[in-house]
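If you want the building blocks of each chain, they are given just below.
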2 protein chains.
Amino acid sequence: MHRIPEEVDTPDVLIDRDVLQRNVEKMAAAVRERGLRLRPHAKTHKVPEIAALQLAAGAAGLTVATLGEAEVFAAHGAEDLFVAYPLWVGPRQAERLRRLSAAARISVGVDSAEAAAAMGGQLGDAAAGIAVLVEIDSGHHRSGVHPDAAADVARAAARAGLRVEGVFTFPGHSYAPGMPVEAAAQEQRALDRAAGQLEAAGFAVPRRSGGSTPSALLTDGAAATEVRPGVYVLGDAQQLELGRCALEDIALTVAATVVSRHEGGPAGSTDGSTDDGADDGVPRRIVLDAGSKVLGSDRAAWATGHGRLMDHPEARITALSEHHATVVWPEDAPLPALGERLRVIPNHVCLTMNLVDDVAVVRDGALLERWTVAARGRNS
Amino acid sequence: MHRIPEEVDTPDVLIDRDVLQRNVEKMAAAVRERGLRLRPHAKTHKVPEIAALQLAAGAAGLTVATLGEAEVFAAHGAEDLFVAYPLWVGPRQAERLRRLSAAARISVGVDSAEAAAAMGGQLGDAAAGIAVLVEIDSGHHRSGVHPDAAADVARAAARAGLRVEGVFTFPGHSYAPGMPVEAAAQEQRALDRAAGQLEAAGFAVPRRSGGSTPSALLTDGAAATEVRPGVYVLGDAQQLELGRCALEDIALTVAATVVSRHEGGPAGSTDGSTDDGADDGVPRRIVLDAGSKVLGSDRAAWATGHGRLMDHPEARITALSEHHATVVWPEDAPLPALGERLRVIPNHVCLTMNLVDDVAVVRDGALLERWTVAARGRNS
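If you're wondering where the values come from, they're calculated on a predicted model, not measured in any experiment. (Residues numbered from 1 in each chain as written. Chains lettered and ligands numbered in written order. Predicted model: local features only at pLDDT ≥ 70, side-chain atom pairs only at ≥ 80, totals over all residues.)

A. Expanded view of the overall build of chain A. Along chain A, the regular secondary structure elements total eleven helices and 17 strands. If one aligns the C-alpha atoms of chain A with their principal axes, the spans along those axes are about 75 × 45 × 40 Å. Considering only intrachain contacts with a sequence separation of at least 6, the fraction spanning at least 24 residues in chain A is 70%. (Helix = DSSP H or I, 4+ residues; strand = E, 2+ residues; numbered from the N terminus. Contact = placed C-beta atoms within 7 Å.)

Take a look at the structure:
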């Protein structure tokens, strides 16, 4: 049974310090064994203290999604930052990139000749200080070009004065049951093919960057040189249900209180409107005070609910409102009491971290300290 | 065509000042005509300036979801606040309620004898300063008791020293196609029946509170005395697709930039893996830099996508990542250019407001000012 510190009010985000440390070290070791560099995605946690643990364990740098995140982590001493995003650079973004590149080694994504030309044009002489990686579509069909188009984008970037350093991809289609192995294979083929195209066009390709949390440990290092997993450090219900982590790997939970409790009943017992036949019974349930405004509302089609309960794996969060989680309870288990406090595992931890200003760091049920989510809301 | 102010960087939240004002006044007039009091739910916007507009237009008070929201609006001068939530009150919550009740008229929800006893016990002598409304389940099956159990809860509250003032319900099942009319009818029956039970038990029932944005204007005033719509003031894609508002009622949009653009292609054109047959073609699409970390990821089963585009109603947001919206484009319309800026209507505006620290207030494409989302993240 995991205790919630008495001084915590619900809902609140708890991070287990020991589980966090174990996750940091396990991934660092596994990636090192494969001969790859680890560049964890800091958009997952947005916390400088967690980034520092990752770097101390040997991470080669950090990945971020926005200039705003890069600015926060650079201000906290990060020396090598990859904005793994196809930035569209206007005058204000160019000024921010110039300042960033004075503070740290900066690389950014690009997936079109137009964006490369815009970036180089806006940066002017500063373009040479920015490395670019061409984004490849390895089957997720979001951003990224076909591997065979990578050389065209690289040439445009070079013409614009940018330093081409390699290729990257995000196998987002690995977030589905049965997909991690196939997506990891597609990722490697796409990186390999794109890198080959760049080399044929005369570019050196020192960086070939891939890897989501589901696929990172399936990357064999044949094509990639670095991986960018994010979620592994905290864990979430998606990774749990994909079989990519176990309950004991979950470092982040949301502390919540039972605020409403209902034994349920048959059809006709709802609102007194027994005569209209529109009612199919009332579920046996509790309601927790953690809703979508603290858990986030990502729910994949294959998910069993809107998150899981740490100590009650058989319960199901069947509905999520902004401030309520409706949890349907197994018939053969007693309903928790009103006022009882439970721990919820969110479906997608990156969204949870983006909803709170700080988190409670705990060990054995005791509150150690609070960490500020310094890059929360830095969307641009 | 709606312009985005040049000084705005994307993604950013825009609120059209004139549409906002019109929405405030229209709902105020419609509710007044029905002889009801309007108590708008401030969890939608979390902005003191918007609350002030609602109060100036005649709102009887504000509804909030948490003590934290109540504290923010009380600090900004709100005099009558209803925490429409079944609070579980411990010593710290009791102290906050005591302080709040010194600053404003405070009412809170209760849906069990246990919670009433806990609240009264913790408040001690201060209990008499807090009004309670018993929450009724009108068919949504979240929190709330059966109407016939309302009197038991009211008696427990009275025994605990609290002042019973009425009943409330949230017809959340009105958020589905074809449901607003039926849900509004169930809401009225449930309020009527519960109020009758309280009166039979000797309670006066001056407040009978109902009303979501979909059902508020369907409330005929026969059973309710006040309504608590929230979303109407800003509008969102859910209300649009439910037919409860029109495009010209949408006050909030998210400004976004086209960062990636793909004409698409047939099967086999994805990652070079033409030999594995696992690929069913690449969609013709753009990618915008507004993802779930600014739009929110609520998506009802009946929604056509993860939000809508204000000026391109035929486009569909088929996928949402944290920082990407993938927008599939009609075959017969030209794809927007890279760098073009578009306005996205989020599915659920309450989540969007909870993701940003401030918003850009605009009129005719010009930036008027920025408002702080003062109650953002106040989840407890």
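B. Representation of the domain arrangement of chain A. Residues and elements named next belong to chain A. Each assigned domain of chain A is listed here: domain 1 (17-233) and domain 2 (247-372). Between the C-alpha centres of domain 1 and domain 2 the distance comes to 35 Å. Ranked by residue count, the leading element in the side of domain 1 that touches domain 2 is helix α1 (residues 17-33), at five residues. Taken together, the residues that form the side of domain 1 that touches domain 2 break down as seven nonpolar, four polar and five charged. (Domains from an automatic or database assignment. Nonpolar A, V, L, I, M, F, W, Y, C, P; charged D, E, K, R; others polar.)

C. Representation of the packing of helix α5 (residues 113-123) of chain A against helix α6 (residues 150-159) of chain A. Residues and elements named next belong to chain A. One way to put it is that α5 packs onto α6 with a least axis distance of 8 Å and a crossing angle of 15°. One element, α5, and the other, α6, form an angle in the roughly parallel class. The handedness of the crossing between α5 and α6 is right-handed. Across the interface between the two elements, A113, A116 and A117 of α5 pack against D152, V153, A156 and A157 of α6. Grouping the amino acids of the contact of α5 with α6 by side-chain chemistry returns six nonpolar, no polar and one charged. (Axes fitted to C-alpha atoms, helices over the stretch in contact; angles between N-to-C directions. Parallel < 35°, antiparallel > 145°, perpendicular 65-115°, else oblique. Left-handed = near helix turned anticlockwise from the far one by under 90°.)

D. Molecular detail of the pairing of strand β1 (residues 12-16) of chain A. All names here are of chain A. With five of five residues buried, β1 is to be regarded as a mostly interior element. Here β1 shows no split at all, with D12, L14 and D16 on one side and V13 and I15 on the other all buried. Pairing of β1 with strand β10 (residues 252-262), which is carried by four bridges, proceeds in the antiparallel orientation. Residue L14 lies in a different strand from β10, and its bridge partner there is T253. Relative to strand β16 (residues 358-363), β1 is paired through three bridges, and the arrangement is parallel. Counted as the bridge partner of L14 is A360 from β16. (Buried ≥ 20, exposed ≤ 12 C-beta atoms within 10 Å, placed from the backbone. Pairing = 2+ DSSP bridges.)

E. View of helix α3 (residues 67-75) of chain A. All of the buried residues along α3(A) are A:L67, A:E69, A:A70, A:V72, A:F73 and A:A74. At the exit of α3(A) stands A:G77, carrying a positive phi of roughly 100°.

F. Just the interface of chain B and chain A, in detail. Listed as interface residues are 67 residues of chain B and, on the opposing side, 67 residues of chain A. Among the elements that take part in the side of chain B that touches chain A, helix α7 (residues 180-200) of chain B stands out by supplying five residues, more than any other. Broken down by class, the residue content of the side of chain B that touches chain A amounts to 20 nonpolar, 28 polar and 19 charged.

G. Highlighting the sheet that holds strand β5 (residues 105-110) of chain A. All names here are of chain A. Taken in spatial order, the eight strands make up an open sheet running β2-β9-β8-β7-β6-β5-β4-β3, and their pairing is parallel. Of all the strands in the sheet, just β2 (37-38) and β3 (62-64) have a single pairing partner and so form its edges. Here strand β8 (residues 207-210) runs beside strand β9 (residues 226-227); their pairing, made up of two bridges, is parallel. Opposite S209, over in β9, you have E226 as the bridge partner. Docked against the sheet, helix α7 (residues 180-200) engages β6 (131-136), β7 (163-169) and β8, running at close to 160° with respect to β7.

H. Looking closely at the confidence of the model for chain A. Residues and elements named next belong to chain A. Of all residues in chain A, 95% have pLDDT values of 70 or greater, and the mean over the chain is 93. Taken together, the stretch residues 270-278 has pLDDT below 50 and engages in 23 contacts with residues farther than four places along the chain or on a different chain. Across the interfaces of the predicted complex, the ipTM metric reaches 0.95, alongside a pTM of 0.96. (pLDDT = per-residue confidence, 0-100.)

I. Local environment of the relation of the copies chain B and chain A. Relative to chain A, chain B is turned by 180° and slid 0.0 Å along the rotation axis, the superposed coordinates differing by an RMSD of 0.0 Å. What we have between these two chains is a two-fold relation. Across chain B, the rotation axis passes nearest the C-alpha of B:S297, at a separation of 2.8 Å. Taken as a fraction of all interface residues of chain B, those also at the interface in chain A reach 99%, which identifies the copy contact as same-surface. (Least-squares fit on C-alpha atoms with pLDDT ≥ 70 in both.)

J. Representation of the environment of B:L338. Inspection of the secondary structure assignment puts B:L338 in the loop between β14 (325-328) and β15 (341-345). Each C-alpha atom of the pair B:L338 and B:R261 lies 6.5 Å from the other, and the pair is 77 residues apart in sequence. Apart from the residues within four sequence positions on either side, B:L338 is in contact with A:W88, A:S112, A:E114, A:A115, B:V258 and B:R261.

K. Structural view of the sheet that holds strand β5 (residues 105-110) of chain B. Residues and elements named next belong to chain B. With parallel pairing, eight strands are arranged side by side in an open sheet as β2-β9-β8-β7-β6-β5-β4-β3. Each edge of the sheet is formed by a strand with only one pairing partner; in this case those strands are β2 (37-38) and β3 (62-64). As judged from the three bridges shared by strand β7 (residues 163-169) and strand β8 (residues 207-210), these two strands associate in the parallel manner. Across the sheet, the residue bridging to F168 is S209, located in β8.

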